[in-house]
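The primary structure of each chain is shown beneath.
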Amino acid sequence: MNFLRGVMGGQSAGPQHTEAETIQKLCDRVASSTLLDDRRNAVRALKSLSKKYRLEVGIQAMEHLIHVLQTDRSDSEIIGYALDTLYNIISNEEEEEVEENSTRQSEDLGSQFTEIFIKQQENVTLLLSLLEEFDFHVRWPGVKLLTSLLKQLGPQVQQIILVSPMGVSRLMDLLADSREVIRNDGVLLLQALTRSNGAIQKIVAFENAFERLLDIISEEGNSDGGIVVEDCLILLQNLLKNNNSNQNFFKEGSYIQRMKPWFEVGDENSGWSAQKVTNLHLMLQLVRVLVSPTNPPGATSSCQKAMFQCGLLQQLCTILMATGVPADILTETINTVSEVIRGCQVNQDYFASVNAPSNPPRPAIVVLLMSMVNERQPFVLRCAVLYCFQCFLYKNQKGQGEIVSTLLPSTIDATGNSVSAGQLLCGGLFSTDSLSNWCAAVALAHALQENATQKEQLLRVQLATSIGNPPVSLLQQCTNILSQGSKIQTRVGLLMLLCTWLSNCPIAVTHFLHNSANVPFLTGQIAENLGEEEQLVQGLCALLLGISIYFNDNSLESYMKEKLKQLIEKRIGKENFIEKLGFISKHELYSRASQKPQPNFPSPEYMIFDHEFTKLVKELEGVITKAIYKSSEEDKKEEEVKKTLEQHDNIVTHYKNMIREQDLQLEELRQQVSTLKCQNEQLQTAVTQQVSQIQQHKDQYNLLKIQLGKDNQHQGSYSEGAQMNGIQPEEIGRLREEIEELKRNQELLQSQLTEKDSMIENLKSSQTSGTNEQSSAIVSARDSEQVAELKQELATLKSQLNSQSVEITKLQTEKQELLQKTEAFAKSVEVQGETETIIATKTTDVEGRLSALLQETKELKNEIKALSEERTAIKEQLDSSNSTIAILQTEKDKLELEITDSKKEQDDLLVLLADQDQKILSLKNKLKDLGHPVEEEDELESGDQEDEDDESEDPGKDLDHI
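Every residue gets a number counted from 1 within its own chain, in the order that chain's sequence is written. It should be noted that, the model being predicted, local features are given only for residues of pLDDT at least 70 and side-chain atom pairs only at 80 or more, the latter also being counted only at that level, while totals for whole chains, interfaces and linings use all residues. Only hydrogens and water are removed before side-chain values are computed, so all heavy atoms of the structure are retained for them.

Looking at the pattern of salt bridges
Consideration 1: Definition used for salt bridges: Asp or Glu carboxyl oxygen within 4 Å of a side-chain nitrogen of Lys or Arg. Under the criterion given, the structure shown has 22 salt bridges.
Consideration 2: One salt bridge in this structure joins aspartate 75 and arginine 40, with 3.2 Å as the shortest N-O distance. On the criterion of sequence distance, the pair formed by aspartate 75 in the loop between α4 (54–71) and α5 (76–90) and arginine 40 in helix α3 (residues 36–50) is long-range, its members being 35 residues apart.
Consideration 3: Each residue is placed in one exposure class: buried if its accessible area under a 1.4 Å probe, protein chains only, is under 20% of its type's maximum, exposed if it is over 50%, and partly exposed if it falls in between. Exposure remark for aspartate 75: the relative accessible area of 14% places this residue in the buried category. Helix and strand definitions here come from DSSP, where helices need a minimum of 4 consecutive H or I residues and strands a minimum of 2 consecutive E residues; each element is numbered from the N-terminal end.

Now the structure itself:
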């Protein structure tokens, strides 16, 4: 026992045993003890030893601990101890600071034990099943253990969880746990699970992760929340970054709208804790993930539009113009706004309308440019402003025109009360700060990007360099500064501006060549053998001269293409020129700038190349090389080909416009055709109806004509009597058919009455069958009234049918009489006139009665239909009443059973409590007899807790009987 206490205290208490032997004995107890208490005590002791003797416990006890997890699942306490022990073995977290070598050994040890644990995939599956337990002492250690496994060997554990049935879904349930400790550690677990695994990211997203995480962030206070908000934001980044499927799901689920409250931060100087800054920084990065330039253009565009529609962009601009915002948050906000507006015309227009809250109000663009050209501002902030300006002008010809227009003479404010964007750019372009020169040159180059109109407009800009001297053009002033030998950063910026300006603009090339000093300066720079620092400037000069050749329209006789190429061959040499041109793309900073649009530089001296300029170099380097080596004849052919292509393009454009107009006309004609088709169908329907009506009128006319002919013939020959005698049988046949039809209707009505009677009897039986209290309450008086009404209506129907049958009998008798009279007519011609008159009269009477009977039959059918509908409604009400009665009866039975069970449990508890009170009373009496003081109320729970703490502090006490 003394030895064990020495081991626990880190001392060598005796020579008999070692810690390995102690651990071995504990493992034997875990493996062989039949009593659960013995195994539990042994596992608890192993847990206490696992931190100090991690290697020994891991080697000897891991297999036994896994066996405990498999066999003793019914006892949550031993499962919790086993999971804690495994966590101590596998985890590399150490409270005290240790040396680097010791930390490295610890990490290797954790990886090795993790590899042993996951070698059997069933172990991970077992751990996932244990996470379904709600018991805190099982679920929490299980979450920590699985998180540690993912940190050690993430890809392998991810693959096991991915193929495990419902593996990810079980882990998602942790976010819904009401205990914050488990929920928060569940977020950390999902962070490790979703890292760099697109398949798991998709599953987690479709398991409603976005909804749950956004709810947690909202509950914790958005940006004012604590570390939990930070963890949730990191998990959201894992799910969305470089995952187009999840990004689309996030947008389609209207989750972008729920991001707006994150940025309602106000403009007070107070309230910016370190955690809030961290949270807001992550929130801004999350917005940038959705609108990153590396995403597919369609996805980025739809997210940008959603952010404008929900007011998120407006909220970001509010932070942008607010006071008291920390510098790093302001910088990240500028970068975020940049990517939200990049290439989106609606967002760019809105950003152009934003004003800073100053007196007088100034456009946000002007305020930002003032920061960019101010050398006292932080470097990262100036880079962010430049990126924002570039994104504002990206594919925005309207914005480019507005910026260039602020430099033109007609739009400059003569009073000087306000500063325009163009004036700020010119000021930065010619300031003494090389970084301002570079930023202003790049910003102005973006105002000319792929916009030939603005390149020509910028040629009109005149600058007053000094008092008394005539103004010079902006183009000339740039070349003047270039020739003065300023810093490399300034010259690189100006050369990039000039290359962008002159490319695809022959008029600008002509203006540049018109100054006779420019070409000699460029050839001189290229021909010199300068150091490595100047090689980049030489390459840019070669590019500018190559642009002057390739886009030259030969309008200046002294600087035609052929003469410039001859000059290069004499002064520089074609091979040397191409070699100098290649210095640009070989520069180490060129490839770095070509990767991302954002100007992200560690320090100002690395700020050399612009992203868009690298695209221009890649586009022009090859064509300039070909142009240098081409002969004059090839140039002429190329010019002819260009002209032919231009003519062809013009023809194609003309035909495109014609086709577009024809398409519009065709669309209009299609609409007209569809309208005419509809009208034609309507007219065809009307014509068909009219034709049928005309046919009916013809039939009626023929019938009337025949009847009139019969009335006018009072005397005639035997042949005429035979003809009339031929008409009579047709009418009699029609009467027979009508009488048969009436008989069929009577039989049908009789069958329907029989069905009604049977249904009424069923309703009566269903009403009288309800014997319980619920059925008598549900069947209402209104139902009985409806049944009485149905009976009365059926009686009326019966009487009507009886009268109808009497009339039909009379008609049959009259029909027999008519037949007899017809036969008598055939024998005697003399009495023909009188018989005809009688038959006509009788036929008219019969037709009137038949029409009346048909009308009554129709009315009876409608009444029967209404009665059938009412019967159906009553039947549905009775069915619902019966189902409700059954449900209520079932619930009543359940409640009675529960009441009975609860009464039994209460009785048992009362008996137990009475016994417990008796025992406590007797123990108190014994303690009083022994002279010990006894308190009125014993705090048993606190005492139990203290006992458990004592056991955890001195695990050796549990081993007294070893």
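Some remarks on unusual backbone geometry
Consideration 1: If you check the backbone angles, serine 196 has positive phi at about 60° while not being a glycine.
Consideration 2: Relative to the elements of secondary structure, serine 196 occurs in the loop between α11 (180–194) and α12 (198–206).
Consideration 3: Here serine 196 falls in the exposed class, since its relative accessible area comes to 72%.

Observations regarding a negative patch on the surface
Consideration 1: Note that patches include only residues with greater than 30% relative accessible area and no salt bridge, and the join distances are 9 Å for like charges and 5 Å for nonpolar side chains (Val, Leu, Ile, Met, Phe, Trp, Tyr). Using the Shrake-Rupley algorithm and a 1.4 Å probe, accessible areas are obtained, with residue cover drawn only from the displayed protein chains. The positive count covers Lys and Arg only, the negative count covers Asp and Glu only, and His and the chain ends enter neither. A single reference atom marks each charge: NZ on Lys, CZ on Arg, CG on Asp, CD on Glu. A surface patch of negative charge is lined by Glu898, Asp901, Glu905, Asp907 and Asp908.
Consideration 2: With respect to the helices, strands and loops of the structure, glutamate 905 is situated in helix α41 (residues 832–930).

Examining the side chain of glutamine 525
Consideration 1: Assignment of secondary structure puts glutamine 525 in helix α30 (residues 518–527).
Consideration 2: By definition in these notes, contact holds between two residues if any of their heavy atoms fall within 4.5 Å. Once residues lying within four places of it in the same chain are set aside, the contact partners of glutamine 525 are Arg491, Val537, Gln538 and Cys541.

A few points about the confidence of the model for the protein chain
Consideration 1: Think of pLDDT as the predictor's per-residue confidence, scored from 0 to 100. Per-residue pLDDT for the protein chain has a mean of 81; in total, 78% of the residues score no lower than 70.
Consideration 2: Below a pLDDT of 50 lies the segment residues 767–782, which in the model reaches 15 contacts outside its immediate sequence neighbourhood of four places, other chains included.
Consideration 3: Below a pLDDT of 50 lies the segment residues 828–839, which in the model reaches 13 contacts outside its immediate sequence neighbourhood of four places, other chains included.

Quick notes on the layout of surface pockets
Consideration 1: By volume, the second largest pocket amounts to about 900 Å³.
Consideration 2: Forming the boundary of the second largest pocket are 33 residues, of which Arg288, Glu339, Lys596, Gln598 and Asn600 lie nearest the centre.
Consideration 3: The set of elements that each furnish at least two residues to the lining of the second largest pocket consists of α16 (274–290), α19 (327–341), α22 (379–393) and α35 (588–593).
Consideration 4: With five residues, the top contributor of residues to the lining of the second largest pocket is α19.
Consideration 5: A class-by-class count of the residues in the lining of the second largest pocket yields eleven nonpolar, 14 polar and eight charged. Grid points spaced at 1 Å over the protein atoms alone were grouped into cavities, where a 1.4 Å probe fits but cannot get out, and pockets, open sets with protein on both sides within 12 Å along at least five of seven lines, with lining residues defined by an atom within 4 Å of a point. Grid points are joined across faces, edges and corners, and a volume is the space filled by probe spheres set on the points. Ten residues, namely Ala, Val, Leu, Ile, Met, Phe, Trp, Tyr, Cys and Pro, are considered nonpolar, four, namely Asp, Glu, Lys and Arg, are considered charged, and the remaining ones, Gly among them, are considered polar.

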